[in-house]
Amino acid sequence: MRGAAILKGGSTGGMIIESLTVGPFMENVFILGCGETGEAAIIDPGAEAESILERVESLGLTVKRIIGTHCHIDHVGAVQEIREKTGAGFYIHRNELPLVESYDYQCGIFGVRLGEKPVVDGFIEEGDIITVGNVEAGALLTPGHSPGGLSFVAGDAVFAGDTLFAGSIGRTDLPGGSYDTLIRAIREKLLVLPAETRVYCGHGPETTIGREKWTNPFLV
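Attention here is on the structure that accompanies the text. Worth saying up front: this structure is predicted, and the values here are computed from it rather than measured.

So, about unusual backbone geometry. Phi is positive for Asp 44, close to 60 degrees, though the residue is something other than glycine. Inspection of the secondary structure puts Asp 44 in the loop between strand E4 (39-43) and helix H1 (49-58). Asp 44 sits in the buried class, given a relative accessible area of 2%. Although it is not a glycine, Glu 48 adopts a positive phi angle of roughly 55 degrees. Tracing the backbone through its elements, the reader meets Glu 48 in the loop between E4 and H1.

Here's what the structure looks like:
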């Protein structure tokens, strides 16, 4: 998988957002950085730890923490390697612990192993503020795709994991999934954000809250 990363990037003021699409599941990893302090968080490093770390270094950033929207293997496969190489802690919602504990089982079901089982250093609750230098990201609890799914709002952007996609929503047929819970979370937590809010999704292209509110066939 080395060398398969697709890079996209941009910045808004002091906030840096960079994305890489990695691994066999074509999962989007996000680097959230502060251009003023050089601190960064990695959101959902699913595979290709070396590519992710090379990109962080090229941006002149230092990884201070790793945060997960949820813990399916395609979103956490590179966590442990990055954790060990950077010393950054890994933080999730506590309801995702069963998925962490079933990491080896998930690997067997999907027939792929993207890295070692991650170690969790702490928990994020709804309303917590994750600081990356001078950049702040607020945590929203958005379960349904998984029991403890989180979304993170930073400025005019939201990192939605596999909760909301461009023109679609996360699957709910995996253990711990619930269609009704997912739709309620999207409507009550995400669609109330400003229409111009950019949605960075766990797979596929970015979108906006307005576009999904008015055109997503699962939501209109």
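This part covers the sheet that holds strand E15 (residues 207-208). Pairing in this open sheet of six strands is mixed, and the strands run E8-E9-E10-E11-E14-E15 from one edge to the other. Edge positions in the open sheet fall to strand E8 (129-132) and E15, since each of these has one partner strand only. In the sheet, strand E9 (residues 135-141) pairs with strand E10 (residues 150-154) via four bridges, with the strands oriented antiparallel. What sits directly across from Ala 139, in E10, is Phe 152. Each of E9, E10 and strand E11 (157-161) touches helix H6 (residues 179-190); the most contacted strand, E9, lies at about 140 degrees to it.

Rules used in this analysis
Residues numbered from 1 in each chain as written. Predicted model: local features only at pLDDT ≥ 70, side-chain atom pairs only at ≥ 80, totals over all residues. Heavy atoms only, no water. Helix = DSSP H or I, 4+ residues; strand = E, 2+ residues; numbered from the N terminus. Buried < 20%, exposed > 50% of the residue type's maximum accessible area, 1.4 Å probe, protein only. Pairing = 2+ DSSP bridges. Contact = heavy atoms within 4.5 Å. Axes fitted to C-alpha atoms, helices over the stretch in contact; angles between N-to-C directions.

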